[in-house]
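Structural characterization, general
Chain residues, written in single-letter form:
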Amino acid sequence: MFGDLSNMMGKLKEAQEKVEETKKRLDTVLIDESAANGNIKITVTANREIKAISVDQSLLEDKEELEDYLILTLNKALKRAGEINEQELAIAAKSGMPNIPGMDMFK
């Protein structure tokens, strides 16, 4: 019984390490998103950190339009980043989880 518990704890630690490695790797995964007309380009990491914003000169003349484009483009980029983040972390966590009856939460 203690061998099983020890093995289970080792597997949990391994899963935690894989999740941490995946989080670090996701810092290097870049997602580029742009407004429909290409006036704004945004780059974020899969960990939802903004890396770059490029704004076309024409948008600097209309504050409201600039704000609208920023919000729309940032939301699209962050949504894609969140989806990639969740998917990758779930895979990392599942791959290292021990097989515990009744604990099939990562299906």
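Let me sum up the structure you'll find in this document. (Residues numbered from 1 in each chain as written. Predicted model: local features only at pLDDT ≥ 70, side-chain atom pairs only at ≥ 80, totals over all residues. Heavy atoms only, no water.)

What to know about the overall build of the protein chain
On a plain count of helices and strands, the protein chain comes out with two helices and three strands. For the protein chain, the succession of helices and strands along the chain, N to C, is α-β-β-β-α. In the protein chain, which comprises 107 residues, the share counted as buried stands at 25%. In the protein chain, the proportion of contacts linking residues at least 24 apart, taken out of those at least 6 apart, comes to 54%. When the accessible surface of the protein chain is totalled, it reaches about 7700 Å², and 53% of it is carbon and sulfur. (Helix = DSSP H or I, 4+ residues; strand = E, 2+ residues; numbered from the N terminus. Buried < 20%, exposed > 50% of the residue type's maximum accessible area, 1.4 Å probe, protein only. Contact = heavy atoms within 4.5 Å. Areas by Shrake-Rupley, 256 points an atom, 1.4 Å probe, with all protein chains shown as cover.)

Considering the pattern of salt bridges
Inspection of the entire model under this criterion finds seven salt bridges. A salt bridge links Lys18 to Glu14, with the shortest nitrogen-to-oxygen separation between them at 3.9 Å. Highlighted residues: Lys18 and Glu14, both in helix α1 (residues 2–26), separated by four residues, approximately one helical turn. Put simply, Glu33, Lys76 and Arg80 are held in one network by salt bridges that share partners. (Salt bridge = Lys/Arg side-chain N within 4 Å of Asp/Glu carboxyl O.)

Examining the sheet that holds strand β1 (residues 30–34)
An order of β1-β2-β3 is seen for the three strands of this open sheet, with the pairing classed as antiparallel. Of all strands in the sheet, those bounded by a partner on one side alone are β1 and β3 (50–55). Sheet twist, expressed as the average angle between the axes of neighbouring strands with direction ignored, equals 10 degrees. Bridge count for β1 against strand β2 (residues 40–45) is five bridges, and the pairing is antiparallel. Bridge pairing links Ser34 to Lys41 in β2. (Pairing = 2+ DSSP bridges. Axes fitted to C-alpha atoms, helices over the stretch in contact; angles between N-to-C directions.)

Section: the nonpolar core
Among the nonpolar cores identified, the biggest contains 16 residues, and Val19, Ile31, Ile40, Ile42 and Val44 are the most heavily contacted of them. Taken together, the elements giving at least two residues each to this core come down to α1, β2 and α2 (63–96). Among the elements that line this core, the one with the most residues is α2, at seven residues. Discounting chain neighbours no more than four positions away, the residues touching Ile31 are Ile42, Thr43, Val44, Thr45, Ala46, Ala77, Arg80, Ala81 and Ile84. (Core = buried A, V, L, I, M, F, W, Y, C linked by side-chain atoms within 4.5 Å.)

A closer look at the environment of Glu21
Along the chain, the position of Glu21 falls in helix α1. For Glu21, a relative accessible area of 55% gives the class exposed.

On their own, these measurements won't tell you what the molecule is for.
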